[in-house]
Amino acid sequence: MSTSRVTIITVCYNSLAVAPDMLNSIPSDTPIIMVDNASCDPEALKVLADAEGAFLLRNEENKGFGSACNQGAAKAETEFLLFLNPDAELQPGALEALLDAAENHPTASAFNPMILGRNGQQSLRRGSKIRSIKRIKGSIPKRDIELSVLVGSAIFCRRALFEKVGGFDQNIFLYHEDDDLSLKLRKHGCLMYCHAARVVHLSGHGSPRSPQVATFKAYHSARSRVYVQSKYDHPFPRLSTLGAAFFRMIGPDTLLSKRRRAKNFGYFKGALSAFKDGGRNSNSLIR
């Protein structure tokens, strides 16, 4: 089955350390769209994209993960889309297995492959953080099964349905956008796990691991938590997030780890800002 039916969409933010391995794992006949969210090394990323035959979109400011995914999807022309993190690598036969799964489960709205960490441990979302739904119980499945929610590092879906549900919610800058998209797609068909397709994901390595990046991500994590909890009618989303941020700040790990301290401070700062504006994505960067 030809993998030219799938467009790979990946969002890069200072991702040059991992993007080459991701690109090398993609079959040569598969269209690739890279969206650069204002990386500090745009010329090097362009050289890489050109060498791999990928189409590169460049944002002058960081628009957030979901918004960048939507930009990439708008340029795609294939029947299927695979949103793939830059720190993820397709294993041989993964795209073919996902296409087979789409044929075998025609009423399914979207799919996750088997997602493995560097140590071989499998990542499987058992439930949603933003809405109470049936959770997956028991051991890791050894066959295709229905999922409650998708892992955002590798989401495979039909382009027409992605467009029908409006894509990712652009009010979410970073984090929880996969939960939200899962809930929208579930209204049109079940979510499925494809056991035969494998992806290795080096979680958290899509951008450099530094105190500055930890602050940036945690800031937007808190803001997204407030926004999605408000969207799904959770009680007191602003107060609960601010309370969680406060307890993070006074935890012992704040004193013991510079990176953890930066992360907890960023989360607290994000919770304070979301207390004022509800956490909607304004495309503004933390300073």
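The rules behind these values
- Residues numbered from 1 in each chain as written.
- Predicted model: local features only at pLDDT ≥ 70, side-chain atom pairs only at ≥ 80, totals over all residues.
- Heavy atoms only, no water.
- Core = buried A, V, L, I, M, F, W, Y, C linked by side-chain atoms within 4.5 Å.
- Buried < 20%, exposed > 50% of the residue type's maximum accessible area, 1.4 Å probe, protein only.
- Helix = DSSP H or I, 4+ residues; strand = E, 2+ residues; numbered from the N terminus.
- Contact = heavy atoms within 4.5 Å.
- Salt bridge = Lys/Arg side-chain N within 4 Å of Asp/Glu carboxyl O.
- Axes fitted to C-alpha atoms, helices over the stretch in contact; angles between N-to-C directions.
- Parallel < 35°, antiparallel > 145°, perpendicular 65-115°, else oblique.
- Left-handed = near helix turned anticlockwise from the far one by under 90°.
- Nonpolar A, V, L, I, M, F, W, Y, C, P; charged D, E, K, R; others polar.
- Pairing = 2+ DSSP bridges.
- Right-handed = clockwise from strand over helix to strand, strands pointing away.

Caption draft 1: Structural detail: the nonpolar core. Counting 35 residues, the largest nonpolar core has Ile8, Leu82, Leu84, Leu90 and Phe156 as the members making the most contacts within it. Element by element, the count of residues in this core is highest for helix 4 (residues 94–104), at seven residues. Apart from the residues lying within four places of it in its own chain, the contact partners of Leu84 are Ile8, Ile9, Thr10, Met22, Leu90, Ser153, Ala154 and Val199. Core analysis: the second largest hydrophobic core is formed by 32 residues, Met114, Ile155, Cys157 and Leu181 among them.

Caption draft 2: Region of interest: the pattern of salt bridges. With the rule as written, the count across this model stands at ten salt bridges. The closest approach of N and O atoms between Arg5 and Glu103, which form a salt bridge, is 3.4 Å. Of the two residues, Arg5 is situated in the segment before strand 1 (6–12) and Glu103 in helix 4; the sequence distance between them amounts to 98 residues. Here Arg5 falls in the partly exposed class, since its relative accessible area comes to 23%. For Arg159, the salt bridge identified is with Glu163, shortest N-O distance 3.2 Å. In this pair, Arg159 and Glu163 are both assigned in helix 5 (residues 159–164), four residues apart and thus about one turn of the helix distant. A residue is classified by how much of its surface remains accessible, and Arg159, at 22% relative accessible area, is partly exposed. For Glu163, a relative accessible area of 46% corresponds to the partly exposed category. The structure contains a network of salt bridges with shared partners spanning Asp169, Asp180, Lys184 and Lys231.

Caption draft 3: A look at unusual backbone geometry. Look at Asn14: it is not a glycine, yet its phi comes out positive at around 55°. The exposure class of Asn14 is buried, given its relative accessible area of 17%. The backbone of Asp233 sits at a positive phi, close to 60°, despite the residue not being glycine. Accessibility expressed as a relative area gives 68% for Asp233, which makes it exposed.

Caption draft 4: Fine view of the environment of Ala44. Mapped onto the secondary structure, Ala44 falls in helix 2 (residues 42–52). For Ala44, a relative accessible area of 35% gives the class partly exposed. In this structure the C-alpha to C-alpha distance between Ala44 and Ala262, which are 218 residues apart in sequence, comes to 28 Å.

Caption draft 5: Molecular detail of the packing of helix 7 (residues 211–231) against helix 8 (residues 237–249). Following both chains from N to C, one finds helix 7 and helix 8 inclined at 150°, their axes separated by 9 Å at the closest point. Between helix 7 and helix 8, the interaxial angle falls into the category roughly antiparallel. Here helix 7 and helix 8 pass one another in a crossing that is right-handed. Contacts between helix 7 and helix 8 involve Ala222, Arg225, Val226, Gln229 and Ser230 on the former and, on the latter, Pro237, Arg238, Ser240, Thr241 and Ala244. Across the contact of helix 7 with helix 8, the residue classes tally to four nonpolar, four polar and two charged.

Caption draft 6: Region of interest: the side chain of Lys184. Examined against the element boundaries, Lys184 turns out to sit in helix 6 (residues 177–186). Exposure remark for Lys184: the relative accessible area of 17% places this residue in the buried category. What Lys184 contacts, discounting residues up to four positions off in sequence, is Val165, Gly166, Gly167, Phe168 and Asp169.

Caption draft 7: Just the pairing of strand 3 (residues 55–59), in detail. Examined bridge by bridge, strand 2 (residues 32–37) and strand 3 share five bridges and lie parallel to one another. Within the sheet, the bridge partner assigned to Asp36 lies in strand 3 and is Arg58. This β-α-β element, strand 2 to helix 2 to strand 3, shows right-handed connectivity.

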